[in-house]
Amino acid sequence: MKQSFQKVLNKTKQLIIIGTKKNGFLSFSASLGAIALGLIVGLIVLLISNPAQAFNGFLTILAGGFSGGASGIGQVLYLATPIIMTGLSVGFAFKTGLFNIGTPGQFIVGAYVAIYIGVKWTFIPSSVLWIVALLGSALAGALWAFIPGILKAYRNVNEVISSIMMNYIGMYLVNYLIVQTVYDSAKNQTLPTNTFLPTLGLDKLFQGAGLNSGFFIAILCVAIIYIILNKTTFGYELKACGFNRDASRYAGINEKKSIVLSMVIAGALAGLGGGLLYLSSTGKYISVVDVLANEGFNGIPVALLGLSNPVGIFFAGIFIAYLTQGGFYMQRFDFVPEVINIIIAVIIYCSAFSLAFKNFFQNRRKKKEGEL
């Protein structure tokens, strides 16, 4: 049985490696095509809304964070940090055959736990309090994703439906817990300074930006997820289960365990993203709201644009943050910042058709090979 399992596992590894190498360039070309088309549509929107300043505004978008010098660049990296984490969450689950649309709930639950630890756990030494708070945020996100994972593995409940339900449960639960536990209007209770992430001198290098060590933590997570998915037997088992649960079960892989672990890891990434954002000492405070966290939903298009590849997700997150910062500077040309949301939405929408671009390039290549 072990020999049979090893043969199937080795074959799966070979197929995954061959498929990745063969489609890597096509996938990259498809994403570039989606971005180009999205930018063209964005320019058309600017021309319709304000023809006189459309090109100046478009160039400002293309300049992105560079329009603000070092501060603008630092702000781009700060904005990219949480959406890289939620993008990793969605991308990791998708690589294993699951669609984790529960990132907003996991994100805000993780953020709340990080803040709760920072405010209430005063018995922890100040030098490690921020580390404990981040670990707590990751654990909270993992537990929040554990429920859809269990339902999917043992009752075959669609994870999209259960994740959406958990989003709203998480949002309203956090609303209640904020008022009951960490918010005291009489004391004006705020996070102690020793809970904030270390800046590592980045506040001096990028003055006026919110960049801190959280960005490097996001890079570390990208590297870890990449290694897990591409360099470990555990990662190959997860992907094999995503490709075909029945075949994986026949090969000796515990598909139920793989599904649960995939959702737990994805949830931990999203929860950690919440902790990284709200422990940044940038004036971003958790509050009672009736809308899901944008950072959680933004992870979905980031994963889509990055084709669920950890490295691609990293650059996609920076790209979306780059455009967002460019949109902020568009106010110089009588454009409201919300215009950039339209442009980003168009780019994201086009990226959803990256598979169509990919198939187009693939068919052209096959046609050329047939003509030779």
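These numbers come from a predicted model, not from an experiment.

## With respect to the confidence of the model for the protein chain
Detail in the predicted coordinates should be disregarded across regions flagged by low pLDDT. With 84% of its residues at a pLDDT of 70 or more, the protein chain shows a mean pLDDT of 85. Within the protein chain, no element has a lower average pLDDT than helix α15 (residues 354-371), which sits at 63, and none a higher one than helix α8 (residues 214-231), at 97.

## Thoughts on empty space enclosed by the protein
In the structure shown here, the tally under the stated rule is 1 cavity of 30 Å³ or more. Considered as a void within the structure, the largest cavity measures approximately 40 Å³ in volume. Taken together, the elements giving at least two residues each to the lining of the largest cavity come down to α3 (69-95) and α11 (255-278). With 3 residues, the top contributor of residues to the lining of the largest cavity is α3. Per-class residue counts for the lining of the largest cavity are 5 nonpolar, 5 polar and no charged.

## As for unusual backbone geometry
Even without a glycine there, the phi angle at serine 281 is positive, about 55°. Checked against the element boundaries, serine 281 lands in the loop between α11 and α12 (294-305). For serine 281, a relative accessible area of 46% corresponds to the partly exposed category. For serine 308, which is not glycine, the phi dihedral falls at a positive 60°. Considering the arrangement of structural elements, one finds serine 308 in the loop between α12 and α13 (310-329). Relative accessible area serves as the criterion here: at 8%, serine 308 is assigned to the buried category.

## Some thoughts on the layout of surface pockets
By volume, the second largest pocket amounts to about 670 Å³. What lines the second largest pocket is a set of 23 residues, and nearest its centre among them are Leu79, Glu295, Asn298, Thr324 and Asn341. Looking at the lining of the second largest pocket, the elements with two or more residues in it are α3, α12, α13 and α14 (338-351). In the lining of the second largest pocket, the residues fall into 13 nonpolar, 7 polar and 3 charged.

## Describing the nonpolar core
If you look at the biggest cluster of nonpolar residues, it comprises 82 residues, and the most contacted ones within it are Leu46, Ile84, Leu88 and Ile286. Considering each element in turn, this core owes the most residues, 10 residues, to α3. What isoleucine 286 contacts, discounting residues up to four positions off in sequence, is Ile108, Ala111, Tyr112, Ile115, Val174, Ile178 and Tyr278. If you look at the next biggest cluster of nonpolar residues, it comprises 9 residues, including Ala93, Leu98, Ala145 and Cys241.

## Here's the deal with the pattern of salt bridges
A full pass over the atoms with the stated rule returns 5 salt bridges. A salt bridge links aspartate 203 to lysine 204; its shortest N-O distance comes to 3.4 Å. Judged by relative accessible area, lysine 204 falls into the exposed class, the value being 58%. For lysine 284, the salt bridge goes to glutamate 295, with nearest N and O atoms at 3.8 Å. Here lysine 284 is found in the loop between α11 and α12, whereas its partner glutamate 295 is found in helix α12, with 11 residues between them in sequence.

## Things to note about helix α6 (residues 159-182)
Within the span of α6, buried status applies to Glu159, Ser162, Ser163, Met166, Asn167, Gly170, Met171, Val174, Asn175, Ile178 and Val182. For α6, the elements touching its buried residues are α4 (103-120), α5 (129-155) and α11. Its side-chain oxygen at 2.8 Å from the backbone nitrogen of valine 160, asparagine 158 defines the N-terminal cap of α6.

## Points about the packing of α8 against α11
Where α8 meets α11, the axes come as close as 11 Å, and the angle between the chain directions of the two elements is 170°. One element, α8, and the other, α11, form an angle in the roughly antiparallel class. Here Gly214, Ile217, Cys221 and Ile225 of α8 come into contact with α11, specifically with Ile265, Leu269, Leu272 and Leu276. A class-by-class count of the residues in the contact of α8 with α11 yields 7 nonpolar, 1 polar and no charged.

What counts and how
- Residues numbered from 1 in each chain as written.
- Predicted model: local features only at pLDDT ≥ 70, side-chain atom pairs only at ≥ 80, totals over all residues.
- Heavy atoms only, no water.
- pLDDT = per-residue confidence, 0-100.
- Helix = DSSP H or I, 4+ residues; strand = E, 2+ residues; numbered from the N terminus.
- 1 Å grid on protein atoms, 1.4 Å probe; cavity = no way out; pocket = protein on both sides within 12 Å on 5 of 7 lines; lining within 4 Å.
- Points joined across faces, edges and corners; volume = space filled by probe spheres on them.
- Nonpolar A, V, L, I, M, F, W, Y, C, P; charged D, E, K, R; others polar.
- Buried < 20%, exposed > 50% of the residue type's maximum accessible area, 1.4 Å probe, protein only.
- Core = buried A, V, L, I, M, F, W, Y, C linked by side-chain atoms within 4.5 Å.
- Contact = heavy atoms within 4.5 Å.
- Salt bridge = Lys/Arg side-chain N within 4 Å of Asp/Glu carboxyl O.
- Polar contact = N/O pair within 3.5 Å; in protein donor to acceptor, adjacent residues only side chain to side chain.
- Axes fitted to C-alpha atoms, helices over the stretch in contact; angles between N-to-C directions.
- Parallel < 35°, antiparallel > 145°, perpendicular 65-115°, else oblique.

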